[in-house]
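# Residue-level structure breakdown
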Amino acid sequence: MRFLITMNMASYSGNMVHQINAEYPVDTLEEFVDALATNDFIIVEEFYKDRIDGEYYSRGRVVLNHRYIGKIKVMGQYKED
C-alpha cells in the first residue's frame, strides 16, 4: 500500500518538515500503524514524482524512524494523488 508520510524533521532544502511517498506491504492504514508501533525503524520503498509526466518512480528503499512521523495519508484515494 502506498502512503504520503509527513516527517517532522528538516528537509534537505531547509524546510521544517518534508514528505515521503512510500510503499509498505500492508493492506490497510491500521496495519501500517501497527507495524510502526511495534518497530522503532521501518523499511519502506520511496517514490518520487516525475516532473514531466507526473508518474511515480522508485528511488529504492529507505529506513524511517517512526518517532519523526507527524501525519500519514493513504495515496491513491483521491484523483490528485
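Reading guide: rules and limits
- Residues numbered from 1 in each chain as written.
- Predicted model: local features only at pLDDT ≥ 70, side-chain atom pairs only at ≥ 80, totals over all residues.
- Heavy atoms only, no water.
- Pairing = 2+ DSSP bridges.
- Helix = DSSP H or I, 4+ residues; strand = E, 2+ residues; numbered from the N terminus.
- Axes fitted to C-alpha atoms, helices over the stretch in contact; angles between N-to-C directions.
- Contact = heavy atoms within 4.5 Å.
- Patch = residues over 30% accessible without salt bridge, like charges linked within 9 Å, V, L, I, M, F, W, Y side chains within 5 Å.
- Areas by Shrake-Rupley, 256 points an atom, 1.4 Å probe, with all protein chains shown as cover.
- Salt bridge = Lys/Arg side-chain N within 4 Å of Asp/Glu carboxyl O.
- Lys, Arg positive; Asp, Glu negative; His and termini not counted.
- Charge placed at Lys NZ, Arg CZ, Asp CG, Glu CD.
- Phe/Tyr/Trp six-rings, centres within 6.5 Å; stacked < 30°, edge-to-face > 60°.
- Buried < 20%, exposed > 50% of the residue type's maximum accessible area, 1.4 Å probe, protein only.
- Lys NZ or Arg CZ within 6 Å of the ring centre and 35° of its normal.

Adjacent strands of a sheet form backbone hydrogen bonds with each other and so pair up, either parallel or antiparallel. Taken together, 5 strands build an open sheet; the order of strands is β4-β3-β2-β1-β5 and the sheet is antiparallel. The open sheet has two edge strands, β4 (56-65) and β5 (69-74), and neither has a second partner. Strand-to-strand twist in this sheet, taken as the mean axis angle between neighbours without regard to direction, amounts to 40 degrees. Strands in contact with helix α1 (residues 29-37) are β1 (2-7), β3 (41-49) and β5; relative to β5, the strand with the most contacts, it is inclined by about 155 degrees.

Glancing now at a negative patch on the surface. Where like charges cluster on the molecular surface, the negative patch consists of D27, E30, E31 and D34. Mapped onto the secondary structure, E30 falls in helix α1.

What the rule picks out here adds up to 3 aromatic pairs. Note on Y48 and Y57: the rings are 6.2 Å apart at their centroids and 65 degrees apart in plane angle, and the pair reads as edge-to-face. Residue classification places Y48 among the partly exposed positions, given a relative accessible area of 35%. Counting every residue linked through ring pairs, the aromatic cluster contains F3, Y24 and F32. It is R2 that lies over the ring of F47; its NZ or CZ is 3.6 Å from the centre.

Before going further, it helps to examine the pattern of salt bridges. Between side chains of opposite charge, pairing is possible as soon as their charged atoms come close. The full count for this structure, using the stated rule, is 2 salt bridges. With its nearest N and O atoms 3.5 Å apart, the salt bridge here joins R67 to D40. Taken together, the residues span a long stretch of sequence, with R67 in the loop between β4 and β5 and D40 in the loop between α1 and β3 at a distance of 27 residues. Taking the relative accessible area as the measure of exposure, R67 reaches 60% and is therefore exposed.

Worth remembering: the numbers are spatial, not functional.
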